[in-house]
Amino acid sequence: MKKITTDILKAIEHAETILVCGHTRPDGDCVSSALAMRRICEKLGKKADAVCDADKPISYAFLPDYENFCAPRFDKYDLFIAVDCATDKRLGEYFRVMQEAGNVVNIDHHPTNNLYGKINYIDPAASSTCAILYDLFSAQNGLIDRDVATMLYTGLSTDTGHFMHSNTTAKVFEIAMKLSELGVDIVNVNQALYCNKPFSKLKLAAKAINAIKLYEDGKIALMTIDQADLAECGCGSDDTEGLIDYASSISGVCISIAMCEQKGGFFRVSFRSSEADVAAAAGQFGGGGHKLAAGCIVNGNRYDVMEKLIAAAKSAIDKIS
């Protein structure tokens, strides 16, 4: 850990301008780790920006420095730091910026990461990229202040499903404790994340729940969300984040699937499971992720896609010994 921290700090030291980039369709861990890494770079005296190839997700507007997210100031950067991004393809439009940067650091916790950086630190055992950033920089005096701690706590909470998923370990609680000691207003963060939802998203949740269908004697739950649902509720694709948890919460369900229709005949698919390897299921469609949480993009007729996803989920369940 000391060596990789030293290598990353040296990379930052030798750069003047730094771009921190997360993945397309950013979640809480992505946004939080990008903003935290940006602030750490600025505390080290560098000009740093944090971006991802997406509209700014309003769900995380409560985070410190949110106004600086997705506001790049330069066309070219000395150092490119990718956070929470399993493959360079998920950098979107910033893939070009990465190619033109003088150096690339890749920090992530996805086991499917394809090691596209010059410096790679991938820890699949970590609950989140925010947990990795805490491990990397907690021993550096002053780098994790109250605002950075708030960002890191947010990513820790969201990527563990508010400390309910199987990646919630004793170490997760230890990091949460350390961050709270740095002044994180946990009540405020929890309220912002879990109790401050627009009515439009609740309407979308109602539609999504009503559309759930069960297969294989209730072991597979499939949730579908189409463009008409989004339009009727006044929502965007980003508002579907977390809806799969409703399907996962059904008693007896082993694998839950959420497929959200995109423009152009594509479906963005999320898999969740309590024990089956859904990363392998997503891999059949060119996707990936974690063993119990993965995703992919599938093109095709709605009903053909549904059949393929159910078949992939059934195969994953059959492999459970």
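The rules behind the values
- Residues numbered from 1 in each chain as written.
- Predicted model: local features only at pLDDT ≥ 70, side-chain atom pairs only at ≥ 80, totals over all residues.
- Heavy atoms only, no water.
- Core = buried A, V, L, I, M, F, W, Y, C linked by side-chain atoms within 4.5 Å.
- Buried < 20%, exposed > 50% of the residue type's maximum accessible area, 1.4 Å probe, protein only.
- Contact = heavy atoms within 4.5 Å.
- Helix = DSSP H or I, 4+ residues; strand = E, 2+ residues; numbered from the N terminus.
- Axes fitted to C-alpha atoms, helices over the stretch in contact; angles between N-to-C directions.
- Left-handed = near helix turned anticlockwise from the far one by under 90°.
- Phe/Tyr/Trp six-rings, centres within 6.5 Å; stacked < 30°, edge-to-face > 60°.
- Arc of directions from axis to C-beta.
- Pairing = 2+ DSSP bridges.
- Polar contact = N/O pair within 3.5 Å; in protein donor to acceptor, adjacent residues only side chain to side chain.

*Asks:* Pulling in residues and values, what's your account of the nonpolar core?
*Replies:* Ranked by size, the top nonpolar core spans 51 residues in total, and within it Met-37, Ile-81 and Leu-179 carry the most contacts. Contact partners of Leu-179, with chain neighbours within four places excluded, come to Tyr-134, Ile-144, Ala-149, Leu-152, Tyr-153, Leu-156 and Val-184. Counting residues in hydrophobic clusters, the runner-up holds 26 residues, among them Val-269, Phe-271, Ala-276 and Ala-281.

*Asks:* Could you give an account of unusual backbone geometry, with specific residues and numbers?
*Replies:* Backbone geometry follows two general trends: most residues other than glycine have a negative phi, and most peptide bonds adopt the trans configuration. The phi angle at Asp-84 is positive, at roughly 60°, despite the residue not being glycine. Tracing the sequence through the fold places Asp-84 in the loop between β3 (79-83) and α3 (95-100). A residue is classified by how much of its surface remains accessible, and Asp-84, at 1% relative accessible area, is buried. Positive phi values are uncommon outside glycine, yet Leu-115 reaches one of about 55°. The residue Leu-115 is located in the loop between β4 (103-108) and β5 (119-122) in this model.

*Asks:* I'd like a rundown of the environment of Lys-178, residues and numbers included.
*Replies:* By the secondary structure assignment, Lys-178 is in helix α6 (residues 170-181). Given a relative accessible area of 32%, Lys-178 falls into the partly exposed group. For the pair Lys-178 and Glu-100, spaced 78 residues apart in sequence, the C-alpha separation works out to 38 Å.

*Asks:* So what's going on with the packing of helix α4 (residues 129-137) against α6? Residues and values would help.
*Replies:* α6 packs onto α4 with a crossing angle of 65° between their chain directions and a minimal axis gap of 11 Å. α4 and α6 meet at a crossing whose hand is left-handed. On the side of α4, the interface is formed by Ala-131, Tyr-134 and Asp-135, while α6 contributes Lys-171, Ile-175, Lys-178 and Leu-179.

*Asks:* Can you lay out the packing of aromatic side chains for me, pointing to particular residues and giving the numbers?
*Replies:* Under the definition given, this model contains three aromatic pairs. For the ring pair Phe-74 and Tyr-77, a centre distance of 5.6 Å and an interplane angle of 85° mean the geometry is edge-to-face. Classification of Phe-74 by relative accessible area gives partly exposed; the value is 31%. A relative accessible area of 2% places Tyr-77 in the buried class. The rings of Tyr-153, Phe-163 and Phe-173 are connected pair by pair, giving a single aromatic cluster.

*Asks:* Help me get a handle on the environment of Gly-92, residues and values and all.
*Replies:* Considering the arrangement of structural elements, one finds Gly-92 in the loop between β3 and α3. Since its relative accessible area comes to 26%, Gly-92 is described here as partly exposed. In the structure, Gly-92 is positioned 69 residues away from His-23 in sequence and 7.5 Å away in space, judged by C-alpha atoms.

*Asks:* So what about helix α7 (residues 186-194)? Which residues, and what values?
*Replies:* Within α7 the residues assigned to the buried category are Val-189, Asn-190, Ala-192 and Leu-193. The buried side chains of α7 occupy one side of the element, clustering within an arc of 165° when seen end-on. If you follow the buried residues of α7, they end up packed against α5 (146-159).

*Asks:* Before we move on, could you go through the sheet that holds strand β8 (residues 255-261) and cite the residues and values that matter?
*Replies:* Strand-to-strand pairing in sheets goes through backbone hydrogen bonds, with the strands running parallel or antiparallel. Read from one edge to the other, the open sheet built from six strands follows the order β6-β7-β8-β9-β11-β10, with strand pairing classed as mixed. The open sheet has two free edges, formed respectively by β6 (213-215) and β10 (288-289), since each of these has just one partner strand. Bridging between β10 and strand β11 (residues 293-299) involves two bridges; their strand directions are antiparallel. If you follow Gly-288 over to β11, its bridge partner there is Gly-295. Sitting on the sheet, helix α12 (residues 302-318) is in contact with β6, β7 (220-225), β8, β9 (266-273) and β11, with an inclination near 160° to β8.

*Asks:* Break down the pairing of β8 for me, citing the residues and quoting the values.
*Replies:* The buried fraction of β8 amounts to six of the seven residues, a majority that puts the element mostly inside the structure. Sheet topology places β8 next to β9; seven bridges connect them, and they run antiparallel. Each residue of the ladder has a partner; that of Cys-260, found in β9, is Arg-268.

*Asks:* How would you sum up the side chain of Asn-113? Please name residues and give values.
*Replies:* Considering the arrangement of structural elements, one finds Asn-113 in the loop between β4 and β5. Among the polar contacts listed, one links the side chain of Asn-113 to the backbone oxygen of Cys-85, at a separation of 3.1 Å.

*Asks:* Go over the pairing of β11 with me, naming the residues and quoting the values.
*Replies:* A regular strand carries its side chains on alternate faces of the sheet. Across the two faces of β11 the burial differs, with Ala-294, Cys-296 and Val-298 buried and Ala-293, Gly-295, Ile-297 and Asn-299 not buried at all. Here β10 folds back onto β11 in antiparallel fashion, the turn holding three residues.

Don't take any of this as a statement about function, it's just geometry.
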